[in-house]
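# Chain and residue survey
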Amino acid sequence: MYRYTKIDQATIDTRVRQFRDQTSRYLAGELSEEQFRPLRLQNGLYIQRHAPMLRVAIPYGLLSARQLRALAEIAQTHDRGYGHFTTRQNIQFNWLQLTQVPDILEKLAKVQLHAIQTSGNCIRNTTTDHFAGIAPDENVNALVWCELIRQWSTLHPEFAHLPRKFKIAVSGAQVDRAATYLHDIGLIATTARDGDVGFRVIVGGGMGRTPRIGQVIREFLPWQHLLSYLEAILRVYNLKGRRDNKYKARIKILLQEEGLEPFKKAVEEEWQHLQDGVNTLTRKKINAITKQFTEPKYCKFETKDDFYKTLQKYDKRFGQWVKRNVHPHRVNGYVAVTLSLKATDRAPGDVTADQMQAIARIAERYSQEEIRVTHEQNLLLPHVPKKHLETVWLELIELGLATANVGLITNIIACPGGDFCSLANAKSLPLAKAIQNKFDDLDYQHDIGEIDLNISGCINSCGHHHVGHIGILGVDKQGEEWYQITLGGNQGTNANGINAAVGKIIGPSVKQADVPHFIERLIEAYLDHREGQHERFIETLQRVGVEPFKEYAYAYAVQAD
Amino acid sequence: MPTLFKLINGGLITKVDPTASNQDLNPQEQIQPHITLRTSDAVEACLSRLSQLKRISIEFLSFTDGRGYSMARLLRERYGYREELRATGDVLCDQIQALSRCGFDAFELPDGTRLTAVLTHLRMFQQNYQADTLQPTPWWLNVEQALPEQQDV
């Protein structure tokens, strides 16, 4: 866990006071709605369909048990007893009173949490691989660099009013689990031959209305220059990004309109002035930030610690759970455990206050008081001793958090959709549930194997439908909710070398009631065409192309008409 | 009619007559060469005359138009402009600390803005992470800031 320094604490305490003042001025009529809007957005507060929604930042997805308890308390006292974890590793509360928000922020500040820059046209929460620091395939621990970027971007005086929102993701592993090619800036940390850290700098990725895969503008940027280079990119964007049309205001459009080479040239020219300036990083600073992270205290276990493998053979349910929800750890004797928030009885990413309290307790006992939020809207216990695996499993079953579906078809990423969000064209949650019900046989799910199915209620694509192997997008057809289906999206490079990609629409949109069966037909197409048990959905799709899938699915749709 | 606030000697703010921006400054000041840039202009437009200018106003077309902040930093940090840099147009009290950190030292704020409110906003955050035109070194040159151990979360 990162522990705050004095400046960190002072900054968020002051921000609470500032927001309290802004809220009371708004309520007193001294600030107009138009003036208050950007101010509250910069502090994560939206006015939603039913009530204000507050998005709380969980920097790079790292949470302590104490922080989770505080979130539970807020859910209990100020909301309707639950919270919603998002794809950007944050948490949202959907049923708050505006007048209570300053008090909520004050409670958050006491446990080193805040809502700064979780919305608005500014640099948002930096996200990363949820296995950062523990992944066996890691080259560089991204957490330290994320924290550095958090500090640099927090209340940056120059970049608080950008043309549009700005998202940065960092990955330090061989497999990109942070979707770095789908962010305004993606950073992949690697080490040079001499062991020094550097970053591949990717710019202009993103989802939304105009999905784009980011482009590399620097293959290896030495770590000393990270902040000055970010500053150069942001300045070019701040000055040149379009402000006449909010749909064309993201950096990806600037990059597209200028062209990669001219854009790169503009950044490099700007950087010439900033290079080796005050933002040049020193080893001392990096060490100081590293020191602020508590080091997990790992034990050496005397007993043979993988007896759970025996149990795996005899208890099928446990075996399935280990296969899907338990992940390797760089330290011997330890694993990471995903808590699936994708059971069919709740909206993806939702957790009740009671569950949060219980998860905090489990984390205190078995995971060094640490929890992480994954961008697939699940939670992770990052440091679980193998010898406690069965106990943890049994406790998670009690809580309904042991669904063995991580990476499988029911592990759906979905936005809150039309049930909550005023932007949505269509609902996403009932559809997610209907699809989960269609595939509720866990054996069948395991047979289908790894697949990403993502649902967004509108083109803003908060449910990441563009990068689902199967993507579902809600569209409005004369007041009716229809869904467009895309195939072939991919969120990042994976172990099989498949790169990040945006899915393509495969045909006419589908009525809500027909979607689950349509998906089932796509899966049947895959099962009929896959070569061997291990070829995954996305691999079959890439090998045989989209046609067989279309045939299977639309043949049904025609019959239905 | 906006009210003008000025930073004098790096800290003090003086409230000047509301009409000051055009009329009632002392005659010497009024004839001093000045220019107004809109946030849609490029700062490079005034570089040839920069050394003669005694005032540059940057007019914010909207308070959410962040270009003015980068323009100010460029003028101060890259082009070495030392005279008055005034934020005009749609400017909110809530922004003046960030504006001053980017190099603005005069602000035309909505009429009726109180001096105490401006001072509060100007000094809202005591410490800042980033280097800026007021604080030439970023926070990491003072790294021994850790909170005591019991503050762990």
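Residues numbered from 1 in each chain as written. Chains lettered and ligands numbered in written order. Predicted model: local features only at pLDDT ≥ 70, side-chain atom pairs only at ≥ 80, totals over all residues. Heavy atoms only, no water.

Take the interface of chain A and chain B next. Across the contact, 58 residues belong to chain A and 39 residues belong to chain B. Taken together, both faces of the contact between chain A and chain B bury some 4,200 Å²; the carbon and sulfur share is 60%. Three residues, Ile7, Pro157 and His161 of chain A, lead the burial of chain A against chain B; their summed loss comes to 17% of the area buried on that side. Our count for the chain A to chain B interface comes out at five salt bridges. The interface formed by chain A and chain B includes 14 residue pairs in polar contact (both at pLDDT 80 or more). (Contact = heavy atoms within 4.5 Å. Buried area = accessible area lost by both parts, 1.4 Å probe. Salt bridge = Lys/Arg side-chain N within 4 Å of Asp/Glu carboxyl O. Polar contact = N/O pair within 3.5 Å; in protein donor to acceptor, adjacent residues only side chain to side chain.)

Turning next to helix α1 (residues 6-27) of chain A. Helix length check: α1 of chain A, at 22 residues, gives a terminal C-alpha distance of 32 Å against a target of 32 Å (1.5 Å per residue), a fit within 8%. At the C-terminal side of α1 of chain A, Gly29 of chain A shows a positive phi close to 85 degrees. (Helix = DSSP H or I, 4+ residues; strand = E, 2+ residues; numbered from the N terminus. Expected span 1.5 Å × (residues − 1).)

Residue and element names in this part refer to chain A. In the contact formed by helix α16 (residues 515-529) and helix α17 (residues 537-544), the axes pass within 10 Å of each other and the chain directions differ by 75 degrees. Between α16 and α17, the angle is such that the two are roughly perpendicular. Across the interface between the two elements, Leu522, Ile523, Tyr526 and His529 from α16 touch Phe537, Thr540, Arg543 and Val544 from α17. Considered class by class, the residues forming the contact of α16 with α17 number five nonpolar, two polar and one charged. (Axes fitted to C-alpha atoms, helices over the stretch in contact; angles between N-to-C directions. Parallel < 35°, antiparallel > 145°, perpendicular 65-115°, else oblique. Nonpolar A, V, L, I, M, F, W, Y, C, P; charged D, E, K, R; others polar.)

On to the sheet that holds strand β10 (residues 215-222) of chain A, then. Residues and elements named next belong to chain A. Across the sheet, which stays open at both edges, the five strands sit in the order β6-β7-β8-β9-β10 with mixed pairing between neighbours. Of all strands in the sheet, those with a lone pairing partner are β6 (127-128) and β10, marking the two edges. Taken together, the five bridges between strand β9 (residues 197-203) and β10 define a ladder with antiparallel strand orientation. Bridge pairing links Ile202 to Val216 in β10. (Pairing = 2+ DSSP bridges.)

Residues and elements named next belong to chain A. Taken as a whole, the second largest pocket spans an internal volume of roughly 850 Å³. Taken together, 34 residues form the lining of the second largest pocket, with Phe131, Val175, Arg177, Arg324 and Glu450 sitting closest to its centre. Looking at the lining of the second largest pocket, the elements with two or more residues in it are α11 (316-325) and β11 (326-328). Of the residues that constitute the lining of the second largest pocket, the class distribution is 10 nonpolar, 14 polar and 10 charged. (1 Å grid on protein atoms, 1.4 Å probe; cavity = no way out; pocket = protein on both sides within 12 Å on 5 of 7 lines; lining within 4 Å. Points joined across faces, edges and corners; volume = space filled by probe spheres on them.)

A separate point is the state of the cysteines. All names here are of chain A. Scanning the entire structure with this criterion turns up zero disulfides over all chains. Among the cysteines around Cys146, which has no disulfide bond, Cys122 carries the closest sulfur, lying 17 Å off. Residue Cys146 is classed as buried on the basis of its relative accessible area, which comes to 0%. (Disulfide = S-S within 2.5 Å. Buried < 20%, exposed > 50% of the residue type's maximum accessible area, 1.4 Å probe, protein only.)

Turning to the pattern of salt bridges, a few remarks are in order. Per the stated rule, a full pass over the model turns up 49 salt bridges over all chains. The partner of Lys107 of chain A in a salt bridge is Glu73 of chain A, with the nearest N and O atoms 3.6 Å apart. Linking Lys107 of chain A in helix α4 (residues 101-110) with Glu73 of chain A in helix α3 (residues 65-78), this pair joins segments that are 34 residues apart in sequence. Through salt bridges that share partners, Glu158, Glu231, Arg235 and Glu270 of chain A together with Arg73, Glu77 and Arg78 of chain B make up one connected network.

Counted under the stated rule, the structure contains seven cavities of 30 Å³ or more. The volume enclosed by the largest cavity comes to roughly 440 Å³. Looking at the largest cavity, it is lined by 28 residues, and the ones nearest its centre are Gln18, Leu155 and Ala160 of chain A together with Asp94 and Ala98 of chain B. Mapped by element, the contributors of at least two residues to the lining of the largest cavity are α1 and α2 (33-41) of chain A together with α3 (96-101) of chain B.

Residue and element names in this part refer to chain A. Domain annotation for chain A reports domain 1 (6-110), domain 2 (127-291), domain 3 (308-399) and domain 4 (413-560). Between domain 2 and domain 4, the C-alpha centre-to-centre distance is 30 Å. Summed over both partners, the interface of domain 2 with domain 4 buries about 1,000 Å², with 69% contributed by carbon and sulfur atoms. One can count zero salt bridges joining domain 2 with domain 4. At the junction of domain 2 with domain 4, the criterion picks out three residue pairs in polar contact (both at pLDDT 80 or more). Its residues placed into classes, the side of domain 2 that touches domain 4 shows seven nonpolar, two polar and three charged. (Domains from an automatic or database assignment.)

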